[in-house]
Amino acid sequence: MEISNSSRSLHGVRGEPRERAIMDAVVELIAEVGYERISMDSIAARARASKTTIYRRWADKAELVADALRRRAEGDVATPPDTGSIRGDLLANAEAIATSIAGSGGPSFLGLVEGIRDDPVLRELVRRQIDTASERFGATLIEHARARGEHIHAKRVAAVFGLMVSQFFLGALLRSGETGAHERGRLVDDILLPLLTE
């Protein structure tokens, strides 16, 4: 099954607000109860929409969740700013990734753990979103460093972002919360910065 990237909207004058309500319901429910515990019934009830309306647009829960998370990722992920140094940029990226993984009032990857394990469609969606965000953040990091005349091992950037994602995901999973600023700083100073600059 392919992840839906269609721009189709629901029919009728209320189509766009109704679709937005459904997307919001999915995001809220994942944050509250996790992927496995939500159903098309609970989504319909939260969005005050009929299941017929939902099934007219999405074939099943996996496709609906994939679409909602794709839209949220595309709309909410801000590129970290140029902080003036490689270290500062790494810290800004680390904070953005840690927040995304642990969640901040919205859907977190932690709420999708069981679904990622059991649902290949969802697993592929999450993998693509992580890869896309890492490529985007990594390209910006390289651009900032080169513009400042700083030396950086560009070929190691992908590995650095992979390490960040893995470390923060495991930390959030085991500690049930976002990795703290002190831990992020140690990761940057002891491992990531040396990898990129030495």
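It should be emphasised that the depicted structure is a prediction, and the values quoted were computed from it without experimental measurement. (Residues numbered from 1 in each chain as written. Predicted model: local features only at pLDDT ≥ 70, side-chain atom pairs only at ≥ 80, totals over all residues. Heavy atoms only, no water.)

**Q** Please explain the packing of helix α8 (residues 157-175) against helix α9 (residues 181-197) as it appears in this structure.
**A** Packed helices, taken two at a time, are described by the angle their axes make and the gap between the axes. Running from amino to carboxyl end, α8 crosses α9 at an angle of 160°, the nearest separation of the two axes being 10 Å. Comparing their axes, α9 and α8 come out roughly antiparallel. Crossing handedness for the pair α8 and α9: right-handed. In this structure, α8 uses Val157, Val160, Leu163, Met164, Gln167, Phe168 and Arg175 to contact α9, whose residues at the interface are Glu183, Arg184, Leu187, Ile191, Leu192, Leu195 and Leu196. (Axes fitted to C-alpha atoms, helices over the stretch in contact; angles between N-to-C directions. Helix = DSSP H or I, 4+ residues; strand = E, 2+ residues; numbered from the N terminus. Parallel < 35°, antiparallel > 145°, perpendicular 65-115°, else oblique. Left-handed = near helix turned anticlockwise from the far one by under 90°. Contact = heavy atoms within 4.5 Å.)

**Q** When you look at the pattern of salt bridges in this model, what are you seeing that I'm missing?
**A** This structure, assessed with the given rule, holds 13 salt bridges. Glu124 is the partner of Arg128 in a salt bridge, and the nearest nitrogen-oxygen pair spans 2.9 Å. Within this pair, Arg128 and its partner Glu124 are both found in helix α7 (residues 120-147), separated by 4 residues, close to a single helical turn. When the shortest N-O distance is used, the salt bridge between Asp131 and Arg127 registers 2.7 Å. Note that Asp131 and Arg127 are positioned in helix α7 at a spacing of 4 residues, about one turn of the helix. Given the relative accessible area of 33%, Asp131 is considered partly exposed. (Salt bridge = Lys/Arg side-chain N within 4 Å of Asp/Glu carboxyl O. Buried < 20%, exposed > 50% of the residue type's maximum accessible area, 1.4 Å probe, protein only.)

**Q** Help me understand the nonpolar core in this model?
**A** Nonpolar side chains in soluble globular proteins tend to be buried together. Grouped together as the largest cluster of nonpolar side chains are 27 residues, with contacts concentrated most on Ile22, Ile43, Ile54, Leu64, Val65 and Leu112. Only α1 (15-33), α2 (40-47), α4 (61-76) and α7 provide two or more residues apiece to this core. (Core = buried A, V, L, I, M, F, W, Y, C linked by side-chain atoms within 4.5 Å.)

**Q** Honestly, the environment of Gly15 in this entry has me stumped. Any pointers?
**A** Tracing the backbone through its elements, the reader meets Gly15 in helix α1. By relative accessible area, which is 1% here, Gly15 ends up buried. Remark: the alpha-carbon pair of Gly15 and Thr53, spanning 38 residues in sequence, is separated by 9.6 Å.

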